[in-house]
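This is what each chain is made of:
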Amino acid sequence: MDNLKVTVYQGYLFWENIDKNLQNISLKLSGIREKTHLIILPEMFNTGFSMNAEALGEEMGGKTMQWMDVIARKYECVVTGSLIIKEEGKYYNRLIWMRPDGSHEHYDKRHLFALGKEHNTYTAGTKKLIVELNGWKICPIVCYDLRFPVWLRNVNEEYDVLLIVANWPERRALHWRTLIPARAVENQSYVIAVNRVGHDGNEVYHSGDSTCISPNGDVVYYKRDEEDLYTFSIIHDEVKKIRRALPFLKDADEFRLS
């Protein structure tokens, strides 16, 4: 594994306005001044966390995925974030992993936020996704999934980075700031979590609190309340070192959700 350069975008999202969000994010990403391997955008980065799926849902390969393809090629890196996808008459909160060669994979949010009635609109995913980038094994998830550690168990060191895209409200920011380090320490992996900022169309405020936590629980990056575009490195030796010094994963119960 080489060290991995990661760019996070903690941004304000214009409510249910796909064109304006894509234009704004394109402008903000123009501030990238160094080579990066991965750009991470928030959950539903092109609409905000909307239940208006019938009006806003796109087919696979639609406008937003085409935009992701352009961005990935422009910056010669992977771009990821979730959006509303319509497929075979169903709607998914789907994370897209777009590579610079145009190939892509996806992960459908497994745990739908019943408190916000997300389960009435979207279909839950059933499969975990592990992707590889520069030798790093990465497990991307979406927002509410963070609360469910059994789903996220790092069985047989299957991943080195847990990646979270979110629209997590400020009123539960304490939970966010507590669960992220817990996931890093218990899974001996980096956790990179990218949230939005500002009020959404339902007047719910998001404080961001985007962060990167090392496998040892140390803070690599943290930002609250403000928009931020920031690039940092994660270090492969940190993963190796903590797993070698404290081989807790080898003592874990070997079970997983199918």
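Look up a bit, the structure's there.
Since this is a predicted model, take the numbers as computed values, not measurements.

Draft legend 1. Structural detail: the pattern of salt bridges. Overall, the coordinates contain 19 salt bridges when judged by the stated rule. Between R224 and E170 there is a salt bridge; the shortest N-O distance is 3.3 Å. Here R224 is found in strand β12 (residues 219-224), whereas its partner E170 is found in the loop between β8 (161-165) and α4 (173-187), with 54 residues between them in sequence. Using a relative accessible area of 30% as the deciding quantity, one classes E170 as partly exposed. Of the charged contacts, one joins E186 and R183 as a salt bridge, the two residues approaching to 2.4 Å between their closest N and O atoms. Of this pair, E186 and R183 both sit in helix α4, three residues apart, which is roughly one turn of that helix. When salt bridges that share partners are traced, they join E170, R177, D209, R224 and D225 into one network.

Draft legend 2. Representation of the pairing of strand β5 (residues 104-108) in the model. Relative to β5, strand β4 (residues 90-98) runs antiparallel, the two being bridged by five bridges. By the bridge assignment for β5, L95 is matched with Y107. The loop that links β4 with its antiparallel partner β5 comprises five residues; one of these, G102, has a positive phi angle of about 90°.

Draft legend 3. A look at unusual backbone geometry. In this model, E88 sits at a positive phi of 50°, which is unusual for a non-glycine residue. Tracing the chain through its elements places E88 in the loop between β3 (78-87) and β4.

Draft legend 4. Main features of the packing of aromatic side chains. The full count for this structure, using the stated rule, is nine aromatic pairs. Ring centres of Y221 and F232 lie 5.6 Å apart, and the angle between their planes is 15°; this geometry places the pair in the stacked category. Of the two residues, Y221 is situated in strand β12 and F232 in strand β13 (residues 228-234); the sequence distance between them amounts to 11 residues. Y221 sits in the buried class, given a relative accessible area of 6%. What links up through ring pairs into an aromatic cluster is the set F113, Y144 and F148. Across the ring face of Y92, the terminal group of R94 is positioned such that the distance to the ring centre comes to 4.9 Å. A cation sits over an aromatic face here: R110 above W151, 4.1 Å from the ring centre.

Draft legend 5. The arrangement of a nonpolar patch on the surface in detail. There is a patch of nonpolar side chains on the surface, built from V150, F255 and L257 and spanning about 240 Å² of accessible area. Residue position: L257 is located in the segment after α5 (236-245).

What counts, and at which threshold
Residues numbered from 1 in each chain as written. Predicted model: local features only at pLDDT ≥ 70, side-chain atom pairs only at ≥ 80, totals over all residues. Heavy atoms only, no water. Salt bridge = Lys/Arg side-chain N within 4 Å of Asp/Glu carboxyl O. Helix = DSSP H or I, 4+ residues; strand = E, 2+ residues; numbered from the N terminus. Buried < 20%, exposed > 50% of the residue type's maximum accessible area, 1.4 Å probe, protein only. Pairing = 2+ DSSP bridges. Phe/Tyr/Trp six-rings, centres within 6.5 Å; stacked < 30°, edge-to-face > 60°. Lys NZ or Arg CZ within 6 Å of the ring centre and 35° of its normal. Patch = residues over 30% accessible without salt bridge, like charges linked within 9 Å, V, L, I, M, F, W, Y side chains within 5 Å. Areas by Shrake-Rupley, 256 points an atom, 1.4 Å probe, with all protein chains shown as cover.

Keep in mind these numbers describe shape, not what the thing actually does.
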